Amino acid sequence: VTKQWLIYGAYGYTGELIAREAVRHGQRPILGGRSEQKLRPLAEELGLEHRAFDVAQAKESLAGVTVLLNCAGPFATTVRPFVEACLHLRVHYIDITGEIPVFQFCHSQDAQAKQAGIILCPGAGFDIVPTDCLAALLKEALPDATEINLAFTSGSRLSHGTAQTMVEGLGKGGMIRRNGELVAVPSGYRLRRIPFPSGTRWAATIPWGDVYTAGVSTGVPNTLVYVATPLAMGLAMRAANPLRFVLKAPSVKQWLRKKVDRRYAGGPDEAARKRGHAELWGEAVNPAGHRIVARMTTPNGYTLTADAAVEIAMHCLNPAEISGYTTPSHLMGSRFILSRPGVTYEAPVADVAIPHGAS
Ligand SMILES: NC(=O)c1ccc[n+]([C@@H]2O[C@H](COP(=O)([O-])OP(=O)(O)OC[C@H]3O[C@@H](n4cnc5c(N)ncnc54)[C@H](OP(=O)(O)O)[C@@H]3O)[C@@H](O)[C@H]2O)c1
C-alpha cells in the first residue's frame, strides 16, 4: 500500500503553496483543515482526498496517515494536540514553525517520540531550513566554534499567517543563546552591519527559531540571529522596549490582529515570489578568535518553504533509522539546502582574526 501523508491548514496561504508543490512532485497528499467549506474547493481542484476536522479531533482524524505536515500557525495553539495524536497513532510530525516555544515543546517530547518510533521535525520551512543547514556547515568548517551568528533578508512581503504570528510574539522582546542557555534580551538587542551577498545592510537581532535550534544542531553554546532591517527600524525596535507592556495587552493584540486580517490577506503573489530572493550570512568564531564567514542566496521564503517542506515530508514517508525530536539539518543532512533549486552558496572563508574576547 502507498503511504499517505496529510497537509493540515492546506487552504492557508502557505499550506496551499505546499499542496500545489506536492502535486507538482506527483504526490497525492490528503488535505486537512478545520473548515470543510474552505477545504473542499482546493481538494476538488487538485483531485485530492480531504478531511475537515478541528485540531482537538486529531486522534480520530489521522487514521492511515504516515506523515503529518502541519501548516496551521501560529503553531503554539496547534502543536500540542497534533503531537499528542502523532505519538498515539505513530505518525511522523513536521511543521513550518519558527516559534521558539514550539521547538522547545517538540524537544521536550523527544523521549516519547523515540519510544513511539516517530520523528518530530518542526521548522521545515524557510525558518529554519537554510539557517539551520548554514549553522551546521559552519560548525563542520570550524569544529571548535563556540559562537555561531546568523542573519537573513526575507526577500518578499509577509503573508497573513506570518504577520499574525508576529503579532502573537509582540511585546515579548528578544532572545539569544548565551553559554548554552536561552536568555531574554530587549528587542533589537544588537544592531550590526552584515555583508550579505548583494551588499552590506543593517540588521537587528530577533528571537528567530535558530536561537534555539542552532545550538541543538551544532552544540555551539552562543548564537545571535539577525534580520536585515533599515537602521531606523532597528533603532525604533530598541526605543519601543519601554512600551512593550502595551503590546502585550489583550485589547491591543486584538486590535492588531484585526489590522493584520485587513492588511495581509494571503501573501506575495506568484510574480512577487519569483522576483524576490532571500539572502543569508553566517559566521562561526572559536576561542582563539578565528572567524569564518559563509553566505547563501535562496528563492524567497515562501517558495523555499514549499519546496523544503515537501522534500522533508516525502523523506519522512520512508525515513532512515531515526526517531525523536530532530532539526532539519540533522534529519536531511547539512548539505540538504545546497541541493535545492535556486540556492547558491559561498563556502566558509576565513575572515580577519579578531582579538580574543572582542566579539
Ligand atoms: N517556516 C517558515 O518559514 C514559514 C513560512 C510561511 C509561513 N510560516 C508560518 O506558517 C503559518 C501559516 O502561515 P500562512 O501565511 O499560511 O497563514 P494563513 O494564510 O493565515 O493560514 C493559516 C492556516 O492555518 C489555519 N489555522 C490557524 N489556526 C488554526 C487552528 N487553531 N485550528 C485549525 N486551523 C488553524 C487557518 O485556518 P482558518 O482559515 O480556518 O483559520 C489557515 O488554514 C504561520 O504561523 C506562519 O508564521 C512559516
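Below you will find a few notes about this structure. This one's a predicted model, so the numbers in the text were calculated from it and none came from an experiment.

### Observations concerning the overall build of the chain
Helix and strand content of the chain: 15 helices and 16 strands. Rg of the C-alpha trace for the chain: 20 Å, near the compact-globule value of 21 Å for 359 residues, within the 12% margin. By principal-axis analysis of the C-alpha atoms, the chain measures approximately 60 × 45 × 40 Å. Looking at the chain residue by residue over its 359 residues, the buried ones come to 53%. Of all intrachain contacts in the chain linking residues separated by at least 6 positions in sequence, the fraction that spans at least 24 positions is 74%.

### Here we look at the environment of E181
Secondary-structure assignment places E181 in strand β9 (residues 181–185). Judged by its relative accessible area of 53%, E181 falls in the exposed class. For the pair E181 and G215, spaced 34 residues apart in the sequence, the C-alpha separation amounts to 9.1 Å.

### Comments concerning the packing of aromatic side chains
Summed over all chains, the structure comprises 7 aromatic pairs. Arranged with centres 6.4 Å apart and planes meeting at 70°, the rings of F126 and W208 form a pair that is edge-to-face. One end of the pair, F126, is in the loop between β6 (119–121) and α7 (129–141); the other, W208, is in the loop between β11 (199–205) and α9 (210–218), with 82 residues separating them in the sequence. Judged by its relative accessible area of 17%, W208 falls in the buried class. One aromatic cluster in this structure is built from Y8, F53 and F82. For R190, the ring lying beneath its charged end belongs to Y189, and the centroid distance is 4.4 Å.

### Describing the pattern of salt bridges
Taken as a whole and assessed by the stated rule, the structure comprises 14 salt bridges. With a closest N to O distance of 2.1 Å, R291 and E283 form a salt bridge. A single network of salt bridges, built from pairs that share partners, joins E16, R20 and E45.

### Observations regarding the side chain of T326
Counting through the fold element by element, T326 comes out in the loop between β15 (324–325) and α15 (328–332). For T326, a relative accessible area of 2% puts it in the buried group. For T326, the residues in contact, after removing those within four places along its chain, are I119, L120, C121, P122 and L331.

### Details of the sheet that holds strand β2 (residues 30–33)
Strand order in the open sheet formed by 7 strands is β3-β2-β1-β4-β5-β6-β15, and the pairing between neighbours is parallel. Looking at which strands have only one partner, the edges of the open sheet turn out to be β3 (50–52) and β15. Pairing geometry for strand β1 (residues 4–8) and strand β4 (residues 65–70), over 5 bridges, is parallel. Counted as the bridge partner of Q4 is V65 from β4. Lying on the sheet, helix α4 (residues 79–89) is in contact with β1, β4, β5 (92–95) and β6; it crosses β5 at an angle near 155°.

### Digging into the site of the ligand
Around the ligand there are 26 residues in total, and Y11, R34, S159, H160 and T165 lie nearest to it. At a separation of 2.7 Å, an oxygen atom of the ligand approaches a polar side-chain atom of K38. A distance of 3.1 Å is found between an oxygen atom of the ligand and a backbone nitrogen or oxygen belonging to F126. For the shell around the ligand, the secondary structure elements donating two or more residues are α1 (13–24), α8 (160–169) and α14 (301–317). Per-element tally for the shell around the ligand: the top contributor is α8, with 4 residues. Its residues assigned to classes, the shell around the ligand comprises 10 nonpolar, 13 polar and 3 charged.

### Quick word on the packing of α7 against α9
When two helices pack together, their arrangement is given by the angle between the helix axes and by the axis-to-axis distance. For the pair α7 and α9, the least separation of the axes is 9 Å and the interaxial angle reads 40°. Between α7 and α9, the interaxial angle falls into the category oblique. Here the hand of the crossing between α7 and α9 comes out right-handed. Along its contact with α7, which presents T131, D132, A135, A136 and K139, the element α9 presents D210, T213, A214, S217 and T218. Looking at side-chain class alone, the contact of α7 with α9 contains 3 nonpolar, 4 polar and 3 charged residues.

### Section: the pairing of strand β14 (residues 291–299)
Of all 9 residues making up β14, 8 are buried, and the element is well covered by its neighbours. Bridge count for strand β13 (residues 277–285) against β14 is 9 bridges, and the pairing is antiparallel. By the bridge assignment, H277 is partnered in β14 with P299. Hairpin connection between β13 and β14: a loop of 5 residues separates the two successive antiparallel strands, and G289 in this loop has a positive phi of roughly 90°. Pairing analysis gives 6 bridges linking β14 to strand β16 (residues 344–351), with the strands arranged antiparallel. Each residue of the ladder has a partner; that of V293, found in β16, is V349.

### A closer look at the environment of H290
Here H290 is to be found in the loop between β13 and β14. Judged by its relative accessible area of 45%, H290 falls in the partly exposed class. With 145 residues separating them in the primary sequence, H290 and A145 have C-alpha atoms 8.7 Å apart.

Reading the values: the criteria
Residues numbered from 1 in each chain as written. Predicted model: local features only at pLDDT ≥ 70, side-chain atom pairs only at ≥ 80, totals over all residues. Heavy atoms only, no water. Helix = DSSP H or I, 4+ residues; strand = E, 2+ residues; numbered from the N terminus. Rg over C-alpha atoms; globule rule 2.2 N^0.38 Å. Buried < 20%, exposed > 50% of the residue type's maximum accessible area, 1.4 Å probe, protein only. Contact = heavy atoms within 4.5 Å. Phe/Tyr/Trp six-rings, centres within 6.5 Å; stacked < 30°, edge-to-face > 60°. Lys NZ or Arg CZ within 6 Å of the ring centre and 35° of its normal. Salt bridge = Lys/Arg side-chain N within 4 Å of Asp/Glu carboxyl O. Pairing = 2+ DSSP bridges. Axes fitted to C-alpha atoms, helices over the stretch in contact; angles between N-to-C directions. Near = heavy atom within 4 Å. Polar contact = N/O pair within 3.5 Å; in protein donor to acceptor, adjacent residues only side chain to side chain. Nonpolar A, V, L, I, M, F, W, Y, C, P; charged D, E, K, R; others polar. Parallel < 35°, antiparallel > 145°, perpendicular 65-115°, else oblique. Left-handed = near helix turned anticlockwise from the far one by under 90°.

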